[in-house]
Amino acid sequence: MKWAKRELDHRSLGMSDQQAVELYRTMLLARKMDDRMFALNRQGRAPFVVGSSGHEAIQVASVGPLDPERDWIMPYYRDMGVALAWGIPVLDIFLAVFARKSDPMSGGRQLPNHWSDVDRKVFTQSSTIGTQYPHAVGIAQGIALDGGDGVVVVYGGEGSTSEGDWHEAMNWAGIHRLPIIFIIENNGYAISVPTGEEVAGRIYDRAKGYGIDGVLIDGNDPLGVHAAMTKAVERARNGDGPTLIEAETYRYYAHTSDDDDRLYRSREEVDQWRRNDPVITMKQYLIEERLLSDPREVEIEREVERVLAQAVEEAEAAPEPDEPTTRVYAREPDVPEPATQVEPSPSGPEVNLITAVNRALDEVLAADDRALIFGEDVGGRKGGVFKATQGLTERYGEDRCFNTPLAEASIIGSAVGLAAYGMYPLPEIQFADYIHPAFDQIVSEVARIHYRSNGRWSVPMVIRTPYGAGIHGALYHSQSIEAFYTHVPGLKVVVPSTPADVKGLLLGAVNDPD
């Protein structure tokens, strides 16, 4: 690309001299930390690391305009600079590198750089590519429903924009004009696959298709990043909707410690990009502004090295995990003895199964203002294809019983984000046969979040889906899919057979923390 001439200065962006120096210090910390992690890997002390060198400008500078007291961030696995700028301690990061029991992100259950911090509003990240986008949309929708002015920023690489979850999340965000910023760090490669073989056209141009703003920036220019983010944050806070930022950057090291980047790119290419090293150019800027004297530069470097050395020593000495099978559930299932006789018929008025569902959902919405019902055709006068949600939009409003796009992955993925924010989602999948596009969200995310966060995050929800019902719907409306999901640790599956069971099990599920 053609590098834009840097005509910005930090003061015109509202940054103090101290903030400009701190921006450089955090960028340097991210670079030195990356180097230390790869050194530990070569020494056999850290089995696996993920590189971030080259991405420091887009990562660190994008955090500056945000407010940790009200905003949420969802960095992806390469976002060392984002994590450090947001305030995640260096020690916490190394505890994850060494997979120690006291690792606050996962208790040593996940790979390094799988960020998670309940107190800092950093929602748990998995290794699955692209699943974070619907989660971010759900959190942003929770903020909007609450009438808050917080902003959600979700990060990913250009490779993730080929995933359906990304497109579904962009569509959802555009429909609801949510306070969310999508930052795509385009470093030219999805592991070894170059951009030309993975992305058609330009990523930022795709924003137009979803009715949102899209911008292309030089991701190696920290002041330019700060300016673009300031504008995007202001738009989100003012209710003007989402922004997609495509930041062109480059990773200097291999994809991970298990990758050999010599197989797909030349040293000449890497050297060409190193001529625009964001850490060096930021340092040079401060020197020219007379904000970084030689003694101050040495002081910062020594302080960074001291912090890293102390954190490595403490993290490596920490105890290893010893509870690999705990916290699969927020509440362990109570498995009763098999029934040996027919239960007596329940007392009360006789109703059909759909009426039992409707009455149970009505009670849930009446009892808890956080409860939300959404899915295809569930809102408005339609009230679902079986009328299970009939009358609920009229009684509780369009914010609490509403329609969604025909997109099962984002229905469940947004439910994850809403639950993380503090809402209680009850998503409906219109027919059980059509739940499989959401399989990844259900199995890789919903079922794993409590376990992989070592119990720090829970996403309680009830996913309701019908099948059969005597409608003569043939193959794709009648299959029994529950057996797939009963094999997944972290999920609880119930199949009621009577109206009384429907109401009792549905209310019981809502009161369950899983």
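Above this text sits the structure in question.
Rules used throughout
Residues numbered from 1 in each chain as written. Predicted model: local features only at pLDDT ≥ 70, side-chain atom pairs only at ≥ 80, totals over all residues. Heavy atoms only, no water. Core = buried A, V, L, I, M, F, W, Y, C linked by side-chain atoms within 4.5 Å. Buried < 20%, exposed > 50% of the residue type's maximum accessible area, 1.4 Å probe, protein only. Helix = DSSP H or I, 4+ residues; strand = E, 2+ residues; numbered from the N terminus. Contact = heavy atoms within 4.5 Å. Axes fitted to C-alpha atoms, helices over the stretch in contact; angles between N-to-C directions. Parallel < 35°, antiparallel > 145°, perpendicular 65-115°, else oblique. Left-handed = near helix turned anticlockwise from the far one by under 90°. Pairing = 2+ DSSP bridges. Polar contact = N/O pair within 3.5 Å; in protein donor to acceptor, adjacent residues only side chain to side chain. Expected span 1.5 Å × (residues − 1). Nonpolar A, V, L, I, M, F, W, Y, C, P; charged D, E, K, R; others polar.

**Looking at the nonpolar core**
Counting residues in hydrophobic clusters, the biggest one holds 71 residues, and the most contacted among them are Met-33, Phe-94, Ile-181 and Leu-286. It is helix α1 (residues 17–42) that contributes the most residues to this core, 12 residues altogether. Those residues within four positions of Phe-94 in sequence are excluded, and the remaining contacts are Met-33, Arg-36, Met-37, Leu-40, Leu-308, Ala-311, Val-312 and Ala-315. By size, the runner-up hydrophobic cluster in this structure holds 52 residues, among which are Val-199, Ile-203, Leu-244 and Leu-418.

**Some words on the packing of α1 against helix α10 (residues 294–316)**
Packing of α1 against α10 leaves a shortest axis separation of 10 Å and a crossing angle of 45°. In terms of orientation, α1 lies oblique with respect to α10. For α1 against α10, the interelement crossing comes out right-handed. Across the interface between the two elements, Val-21, Tyr-24, Arg-25, Leu-28, Leu-29, Lys-32, Met-33, Arg-36 and Leu-40 of α1 pack against Arg-296, Ile-300, Glu-301, Glu-303, Val-304, Glu-305, Leu-308, Ala-309 and Val-312 of α10.

**So, the sheet that holds strand β3 (residues 180–186)**
Taken in spatial order, the 5 strands make up an open sheet running β1-β2-β3-β7-β6, and their pairing is parallel. Two strands in the sheet have a free side with no partner beyond their single neighbour: β1 (72–74) and β6 (213–218). For this sheet, the mean angle separating the axes of adjacent strands, direction not counted, is 15°. Both β1 and strand β2 (residues 152–157) contribute to a ladder of 3 bridges, which runs parallel. Counterpart to Met-74 in the pairing with β2 is Val-154. Contacting β1, β2 and β3, helix α5 (residues 132–146) crosses the sheet at an angle of about 170° to β2.

**With respect to the environment of Ser-53**
Relative to the assigned elements, Ser-53 resides in the loop between α1 and α2 (56–63). Taking C-alpha positions, Ser-53 is 23 Å from Glu-316, a pair spaced 263 residues apart along the chain. Setting aside residues no more than four positions away along its own chain, Ser-53 makes contact with Arg-31, Asp-34, Asp-35, Tyr-250, Arg-251, Tyr-252 and Tyr-253. A polar side-chain atom of Ser-53 sits 2.6 Å from a polar atom in the side chain of Asp-34.

**Points about helix α11 (residues 353–367)**
The end-to-end C-alpha separation of α11 is 21 Å, in line with the 21 Å expected for 15 residues at 1.5 Å each. All of the buried residues along α11 are Ala-356, Val-357, Asn-358, Ala-360, Leu-361, Val-364 and Leu-365. Along its buried surface, α11 packs onto β8 (371–375), α12 (392–396), β10 (424–428) and α17 (499–510). Where α11 starts, the residue carrying a side-chain oxygen 3.3 Å from the main-chain nitrogen of Ile-354 turns out to be Asn-352.

**Details of the packing of helix α13 (residues 408–421) against helix α14 (residues 439–446)**
Relative orientation of the contacting elements α13 and α14 amounts to 25°, with a least axis distance of 8 Å. One way to sum up the angle between α13 and α14 is to call them roughly parallel. Mapping the contact onto sequence places Ala-409, Ile-412, Gly-413 and Val-416 in α13 and Gln-441, Ile-442 and Val-446 in α14. A per-class count over the contact of α13 with α14 returns 5 nonpolar, 2 polar and no charged.

**Quick look at unusual backbone geometry**
Even without being a glycine, Lys-121 presents a positive backbone phi close to 60°. Inspection of the secondary structure assignment puts Lys-121 in the loop between α4 (90–97) and α5. One non-glycine residue, Asn-454, lies in positive phi territory at about 60°. Tracing the chain through its elements places Asn-454 in the loop between α15 (449–452) and α16 (482–486). Assessed through its relative accessible area of 21%, Asn-454 is described here as partly exposed.

**A closer look at the side chain of Arg-464**
Structurally, the position occupied by Arg-464 is in the loop between α15 and α16. Residue Arg-464 is classed as buried on the basis of its relative accessible area of 17%. Excluding residues that lie within four positions of it along the chain, Arg-464 makes contacts with Val-357, Leu-361, Ala-388, Thr-389, Pro-427, Glu-428 and Ile-429.

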